[in-house]
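# Residue-level structural notes
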Amino acid sequence: MGKAHIGMLTDKVINMNKFYSSKLAVFLFAFPALLLFTVFVIYPIFPEILISFQKNDGFRNMGYVGFKNYADVLQDKTFWRSNLNTVIIVFLSTFVGLPISLLFALVMDRQSEAMRRFFKFSSVLPAVLSVTVISQMWIAIYEPMWGLLNSILRALNLNNLALAWLSDSRTVVPSIAVAFLWQYLGLNALLFYTGIKAIPKTYYEAAMIDGAGFFRASLKITIPLLQDVTKYLLVLSILGCMSQFAHVRIMTGGGPGDISRTVVYQLYYVAFSTSDFGRGCAIAIIFVIECLLLTFVINKFVAQERIEF
Amino acid sequence: MIRFSKLMIVTIVFAMVISLVACAPVTTPNNAPPADTKVSTGGTGQEQKPAEKVKIKFLSLSADENRNNIRENYIKVNVEKEFPNVEVEYDLGGGGQDYANKLKAYNASGDMPDVWFSEQNLSTVVIAAGNALDLYPYVKETGFDQKFKMKELVQPDKDGKLYCVQPGADQYFTPRLWYHKDIFEQYNLEPPKTFDELVSLCETLKSKGLVPMSIVGKDGWTPNLHMVQTMIMAEDPQVAIDLVSNKTDFTNPVVKNALGRIQKLVQVGAFADGVTNIDYGPAMEMYTSGKAAMLAMFTWELGNLEKASPDTDFVPWPSASESVDPNDVIQYWGAPLSGYLASANTKNPEVAAKFAMFCAIQDALYYNIEQKAPTMLDTGVKIEEVSPLLQKNLDQFDAAKIKVPSMWAATFNAKMSAEFATENSKLLTGQYSPDDYIKAINPVWAENFD
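About the thresholds
Residues numbered from 1 in each chain as written. Chains lettered and ligands numbered in written order. Predicted model: local features only at pLDDT ≥ 70, side-chain atom pairs only at ≥ 80, totals over all residues. Heavy atoms only, no water. Helix = DSSP H or I, 4+ residues; strand = E, 2+ residues; numbered from the N terminus. Buried < 20%, exposed > 50% of the residue type's maximum accessible area, 1.4 Å probe, protein only. Contact = heavy atoms within 4.5 Å. Areas by Shrake-Rupley, 256 points an atom, 1.4 Å probe, with all protein chains shown as cover. Disulfide = S-S within 2.5 Å. Expected span 1.5 Å × (residues − 1). Buried area = accessible area lost by both parts, 1.4 Å probe. Salt bridge = Lys/Arg side-chain N within 4 Å of Asp/Glu carboxyl O. Polar contact = N/O pair within 3.5 Å; in protein donor to acceptor, adjacent residues only side chain to side chain. Phe/Tyr/Trp six-rings, centres within 6.5 Å; stacked < 30°, edge-to-face > 60°. Lys NZ or Arg CZ within 6 Å of the ring centre and 35° of its normal. pLDDT = per-residue confidence, 0-100. Arc of directions from axis to C-beta. Pairing = 2+ DSSP bridges. Axes fitted to C-alpha atoms, helices over the stretch in contact; angles between N-to-C directions. Domains from an automatic or database assignment. Core = buried A, V, L, I, M, F, W, Y, C linked by side-chain atoms within 4.5 Å.

## Structural notes on the overall build of chain B
Helix and strand content of chain B: 17 helices and ten strands. When each of the 450 residues of chain B is scored for burial, the buried share is 58%. A separation threshold of at least 6 residues defines the contact pool for chain B, and within that pool the share at least 24 residues apart is 76%. Summed over all atoms, the accessible surface of chain B reaches about 18,700 Å², with 52% contributed by carbon and sulfur.

This is how it looks when you write it as structure tokens:
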């Protein structure tokens, strides 16, 4: 290969690098995603804001009502209950679910290859199953007369604990949260596991020489170095739980009454069931603000300093 | 950087304009069918060959056996004979709230199916949005209106338009308290005549390890469709009549007592554990499998119950006042806007209107033939070999002196239906007081007739 040829190749590489770092290239690559994002995310927000100031039944604007829809929403007890339910689901799925997923990941890391394969398969399975299947399975588990949970409790002579899980106001929301938590437990564990695999083995070898066991190594090395994965899962889990709808729709329909409605379910109910799209859009806008605030808080306070390893 | 930002802004604006155009409601002229879409005249058998088949979309309920049978065994079977030039796309909409929301979503887009089935409260929403076709000219033209025993069912609305055609089967449907004779004989029990007897019967059945009464509790279905009204009528049928005609509201003491009676039934364990989550199918299965001794259900299930549980019998709903004879009062289903509607935006209004009438006839045929039940729409089928249970039902229906239309079917708008369902679902927990119920529902009721 001649010098001239090498020179040509070098020029090509330089030109390509120039192109890829140019704004035009950035625009061309980002354009399809940007277009979809604009059409399906940005654009709908504008009519939604407009409708939130109208008396609107979904078909026609019956006049502008100022901030009345927002005032109605903020004075509605069901809206605040739906917020509380959402917080309960977020709390259980995030602050109970994620630690369990992390524990699974740590245990998975210590297993044999065959065992790990089994763990990986069973981790992904619930996440790829349809929400309907998962919800129906949990409805069967929670069924008060012949469901698995109550059958076990009765077999253990714990009849007092055999409740109507999805009809009792005390248990319905945590029961839905458990179903949701269970579905993504494995997938989150797998993501944690991927993070663990990226940590250099030398750190653990050094820790072992210093006499650190599994618990200490996990606490001092693994968990701190997983901060990026943790942050990612935290955002994903919190926002995923915030927009919880399908499990509630299938498992309880928001009931009994309005007891298990989440914010998104309440939005759906107000807009579609009562045909009050003005108030429904007001809930949507308030919800968007809530989500933005939460994302801001997470970004501000969680894992700000990047750890390089 | 400025040029880049400008480029981005132009892109976003372009995308928004495209979205705006794409999301605009579909408006198609509804009175100009294409020249090549001539079809059968709705059952006369005199059809002309078109250049190509006309396609129409039909949305129907698909969560209960009767609706599925009508669609699968009558509409689908006979449509080719009656409409050889029409290709029907069947859209299965589920049932209950799912169906309601699907129809509302169609309505919001303005892109309705050509023909669909809906109850009164949903029909009013579609009509208010201007999405329902006036069927009156087609009804007159085909003589469909002459087939009705009750002419009110095919009379135009106040605006001179007729938006719905129906089989007229609903007017014979009424809620009954069904029970297994075998279970009652086994435990030497008598069917209840009064509400107090019903309560004590439920307590006895519960002590025997049975579910006393199966009801559809999900979304408060049974109280929504009849139990609240049944309990009102058990004490004073006039209050139910006044409610239907907006002469009283939910603060009426009789209404409060009625709600209290449902609460009492929950508290004595009349219904299955977790009743608020029991759907239509499981509730029926609970009764037909013998796990429940009684069933609160409409007579549209009579045929199915006779087949699944031959030991089934019924009693009129027990009264809660000495002045009310249970045999004298009856609640009937059916409403002027409960049936088949066609879209105002359909490309083929004539085909859609005739298909809607065809569906109403098939619906009536199903009830006449399969259920041996009479309909207001005369199909020409003579109902013979009526079962003793059906005859008993018809005799009691005809003999009842006071017949009250269903509040749910004939009176409620979409918001009232939704809030009523929410309140009834809460009532079924047994921990929700009638006072809280009335406080929540009365403001919604005040807006119902706006």
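From this point, things continue past the structure.
## Side note on the state of the cysteines
Put plainly, two cysteines are in a disulfide when a covalent bond ties their sulfur atoms together. The full count for this structure, using the stated rule, is zero disulfides over all chains. A:Cys291 carries a free sulfur, and the closest cysteine sulfur to it, the one in A:Cys241, is 11 Å from it. Its relative accessible area of 15% is what places A:Cys291 among the buried residues. Counting only cysteine sulfurs, B:Cys359 is the nearest neighbor of B:Cys164, a cysteine outside any disulfide, at a range of 12 Å.

## Regarding helix α13 (residues 349–369) of chain B
For α13(B), which comprises 21 residues, the first-to-last C-alpha distance of 30 Å matches the rise-based estimate of 30 Å (1.5 Å per residue) to within 8%. Counting buried positions along α13(B) yields 19 of 21 residues, so the element is predominantly enclosed.

## Here we look at the interface of chain A and chain B
Contacts between the two partners involve 36 residues from chain A and, on the opposite side, 40 residues from chain B. Across the chain A to chain B interface the summed buried area is about 3,200 Å²; carbon plus sulfur atoms make up 63%. Summed over the shared surface of chain A and chain B, the number is two salt bridges. Salt-bridge contacts for B:Lys426 lead to A:Asp258; the nearest nitrogen and oxygen are separated by 3.2 Å. The tally of links from chain A across to chain B stands at 14 residue pairs in polar contact (both at pLDDT 80 or more).

## Considering the packing of aromatic side chains
Centre-to-centre distance and the angle between the planes together describe a pair of aromatic rings. Scanning the model with the defined rule gives 42 aromatic pairs over all chains in all. Ring centres of A:Phe67 and A:Tyr70 lie 6.0 Å apart, and the angle between their planes is 50 degrees; this geometry places the pair in the tilted category. With a centroid separation of 5.9 Å and 80 degrees between ring planes, the pair formed by B:Tyr74 and B:Tyr366 is classed as edge-to-face. Of this pair, B:Tyr74 sits in helix α2 (residues 65–82) while B:Tyr366 sits in helix α13; the two residues are 292 residues apart in sequence, bridging distant segments of the chain. Of the two residues, B:Tyr74 and B:Tyr366, both sit in the buried class. Following the ring pairs from residue to residue traces out a cluster consisting of B:Tyr74, B:Phe173, B:Trp221, B:Tyr280, B:Phe298, B:Trp300, B:Trp333, B:Tyr366 and B:Tyr367. Sitting over the ring of B:Tyr90, B:Lys76 keeps its end group 4.8 Å from the ring centre. A cation over an aromatic ring shows up here: B:Lys392 above the ring of B:Phe314, its NZ or CZ 4.5 Å from the ring centre.

## Here's the deal with the confidence of the model for chain A
Summary statistics for chain A give a mean pLDDT of 90 and a share of 97% for residues scoring 70 or more. No element of chain A has a lower mean pLDDT than helix α1 (residues 3–21) of chain A, which averages 74, and none a higher one than helix α3 (residues 68–75) of chain A, which averages 97.

## Some details on α3(A)
Residues and elements named next belong to chain A. Turning to α3, its buried residues are Asn69, Tyr70 and Val73. Buried residues of α3, viewed axially, fall in a sector of 100 degrees; they line one side. The secondary structure elements touched by the buried residues of α3 are α2 (23–51), β1 (54–56), α4 (77–109) and α14 (277–301).

## Description of the sheet that holds strand β5 (residues 211–214) of chain B
All names here are of chain B. In space, the four strands of this open sheet follow the order β5-β6-β4-β7, with mixed pairing throughout. Every interior strand has two partners, whereas the edge strands, β5 and β7 (312–315), have only one. Pairs of neighbouring strands in the sheet enclose a mean axial angle of 25 degrees, with direction left out of account. Inspection of the sheet shows strand β4 (residues 175–180) paired to β7 by four bridges, in the antiparallel sense. When the bridges of β7 are listed, Leu177 appears paired with Val315. Contacting β4, β5 and β6 (292–298), helix α8 (residues 221–235) crosses the sheet at an angle of about 85 degrees to β6. Taken strand by strand, helix α14 (residues 388–399) contacts β4 and β7, and its axis lies near 10 degrees from that of β7.

## Quick word on the pattern of salt bridges
Should their charged atoms come close, side chains of opposite charge can pair. With the rule as written, the count across this model stands at 24 salt bridges over all chains. The shortest N-O distance in the salt bridge between A:Asp168 and A:Arg170 comes to 2.6 Å. Classification of A:Arg170 by relative accessible area gives exposed; the value is 60%. One salt bridge connects B:Lys426 with B:Glu423, and the closest N-O pair in it is separated by 3.8 Å. Taken as a pair, B:Lys426 and B:Glu423 lie in helix α16 (residues 414–427) at a separation of three residues, close to a single helical turn. Taken together, the salt bridges that share partners define one network made up of A:Arg81, A:Asp258, B:Glu423 and B:Lys426.

## Let's talk about the domain arrangement of chain B
All names here are of chain B. What the domain assignment reports for chain B is domain 1 (50–170 + 336–369) and domain 2 (171–334 + 387–448). Placing a centre on the C-alpha atoms of domain 1 and another on those of domain 2 gives a separation of 29 Å. Each partner contributes residues to the interface: domain 1 has 16 residues there, and domain 2 has 17 residues. Across the domain 1 to domain 2 interface the summed buried area is about 1,400 Å²; carbon plus sulfur atoms make up 48%. For domain 1, the biggest contributors to the area lost against domain 2 are Asn66, Asn121 and Asp170; these three give 38% of the whole. Taken together, domain 1 and domain 2 are joined by six residue pairs in polar contact (both at pLDDT 80 or more). Counting residues per element, the ones that place at least two in the side of domain 1 that touches domain 2 are α2, α3 (96–109) and α4 (120–128).

## Digging into the nonpolar core
Among the nonpolar cores identified, the biggest contains 145 residues, and B:Met294 and B:Phe355 are the most heavily contacted of them. Considering each element in turn, this core owes the most residues, 14 residues, to α13(B). There are two domains that each give this core at least three residues, and those are domain 1 (50–170 + 336–369) and domain 2 (171–334 + 387–448) of chain B. In this structure, B:Met294 is in contact with B:Leu177, B:Trp178, B:Tyr179, B:Phe184, B:Leu198, B:Leu201, B:Cys202, B:Leu205, B:Pro212, B:Met213, B:Ser214 and B:Tyr287, ignoring residues within four places of it in sequence. One finds A:Leu153, A:Ile176, A:Ala217 and A:Leu225 within the second-largest nonpolar core, a separate group that totals 59 residues.

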